[in-house]
Amino acid sequence: MKLYDLTLSGNCYKVRLFAALAQLDLTIVPVDFMASEHKTPQMIALNPFAEIPILEDDQVVLRDAQAILVYLGNRYGGEAWWPGEAHLQGEVMQWLSVAANEIQHGPNVARLIVKFNSPADANLAKSRSQHILGLLNSHLTSHDWLAAGRPTIADCAVFPYVALAEEGDLSLIDYPNVIAWIDRVKKLPGYIDMPGLYGQRM
Ligand SMILES: N[C@@H](CCC(=O)N[C@@H](CS)C(=O)NCC(=O)O)C(=O)O
């Protein structure tokens, strides 16, 4: 199983993190993002959207971190990571959607602006971030994990860009339940880091 990957990408890290937690054997294929390797014809053939992560598993080729997590969780992670019950799948999906929308357009964009000079609206990214971090903090008042009462692929999808918030000049100090959840994720067996995570600013 191959992951087309960039070390500094939180989207790629979602997949690396899940594979580590679920003890899946993943071959990392580094993509030279600065040289626009993700836009070469070979990569476009794998993902016409010209984005990473991309997963290749025999004949299966998938783009989008959330979709990859559903595939891996369902096929290899078992009930622990991708619950079989419909209402629990709905709960997980709610948070995968948050990862792809509110988190992507909030903390992810804030980090792109600060760390990679992305020409986006910093005030908008900040207000979007504060909104979703507030909602996340409220949810975590009465939940240890995002969905299904246990760690699932939902936590893997939301964790990276929230834990990387400080790289986007977003303080988590007003969100103590988020900080506690980050610490819980970091204690999961098999957990792996990426550069720049909460508490280890790079
Ligand atoms: N919907 C995709 C988005 C992936 C994405 O935005 N990947 C970035 C790297 S983190 C990318 O490849 N961007 C292409 C570019 O900036 O040219 C996902 O959730 O995986």
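Details of the structure are given in the entry above.
Novice: What exactly am I supposed to notice about the sheet that holds strand S4 (residues 60-63) here?
Specialist: In any sheet, the strands associate via hydrogen bonds between backbone groups, in a parallel or an antiparallel arrangement. Overall, mixed pairing links the 4 strands, which are arranged S2-S1-S3-S4 in an open sheet. Each edge of the open sheet carries a strand with a single partner, namely strand S2 (27-30) and S4. Averaged over all pairs of adjacent strands, the angle between their axes in this sheet comes to 20 degrees, without regard to strand direction. Two strands pair when backbone bridges link them, and strand S1 (residues 2-5) and strand S3 (residues 54-57) are joined in this way by 3 bridges, in the antiparallel orientation. Paired with Tyr4 across the strands is Ile54, a residue of S3.

Novice: In this structure, what is going on with the packing of aromatic side chains? I would like to understand it.
Specialist: The geometry of two aromatic rings is summed up by the distance between their centres and the angle between their planes. Enumeration according to the criterion identifies 5 aromatic pairs in this entry. Look at Phe18 and Trp81: their rings are 5.3 Å apart centre to centre, the planes differ by 85 degrees, and that puts the pair in the edge-to-face class. Taken as a pair, Phe18 in helix H1 (residues 10-21) and Trp81 in the loop between helix H3 (65-77) and helix H4 (86-116) lie far apart in primary sequence, 63 residues in all. Judged by centre distance (6.0 Å) and plane angle (85 degrees), the rings of Phe159 and Tyr191 are edge-to-face. Within this pair, whereas Phe159 is found in helix H6 (residues 153-163), its partner Tyr191 is found in the segment after helix H7 (176-186), the two being separated by 32 residues in sequence. When its relative accessible area of 0% is taken as the criterion, Phe159 is described as buried. For Tyr191, a relative accessible area of 16% gives the class buried. Taken together, Tyr13, Phe159, Trp181 and Tyr191 form an aromatic cluster joined through their ring pairs.

Novice: Explanation requested: the environment of Ser142 in the structure shown.
Specialist: With respect to the helices and strands, Ser142 occurs in the loop between helix H5 (122-139) and H6. Looking at Ser142, the relative accessible area reads 58%, which means it is exposed. Between the C-alpha atoms of Ser142 and Asn177, which are 35 residues apart in sequence, the distance is 9.3 Å. A distance of 3.2 Å separates the side chain of Ser142 from the side chain of His143, its partner in a polar contact.

Novice: Before we go on, may I ask you to explain the pattern of salt bridges in this structure?
Specialist: When their charged atoms lie close together, side chains carrying opposite charge are able to pair. The tally for this structure, following the rule as stated, stands at 7 salt bridges. Residues Arg16 and Asp5 are paired through a salt bridge, measuring 2.6 Å at the closest nitrogen-oxygen approach. Residue Arg16 is found in helix H1, and its partner Asp5 is found in strand S1; the two are separated by 11 residues along the sequence. Residues Arg16 and Asp5 agree in their burial class; the two are buried. Overlapping salt bridges, with partners in common, bring together Arg111, Lys115 and Glu167 in one network.

The rules behind each value
Residues numbered from 1 in each chain as written. Predicted model: local features only at pLDDT ≥ 70, side-chain atom pairs only at ≥ 80, totals over all residues. Heavy atoms only, no water. Pairing = 2+ DSSP bridges. Helix = DSSP H or I, 4+ residues; strand = E, 2+ residues; numbered from the N terminus. Axes fitted to C-alpha atoms, helices over the stretch in contact; angles between N-to-C directions. Phe/Tyr/Trp six-rings, centres within 6.5 Å; stacked < 30°, edge-to-face > 60°. Buried < 20%, exposed > 50% of the residue type's maximum accessible area, 1.4 Å probe, protein only. Polar contact = N/O pair within 3.5 Å; in protein donor to acceptor, adjacent residues only side chain to side chain. Salt bridge = Lys/Arg side-chain N within 4 Å of Asp/Glu carboxyl O.

So, to be careful, I would describe these as geometric facts and stop short of saying anything about function.
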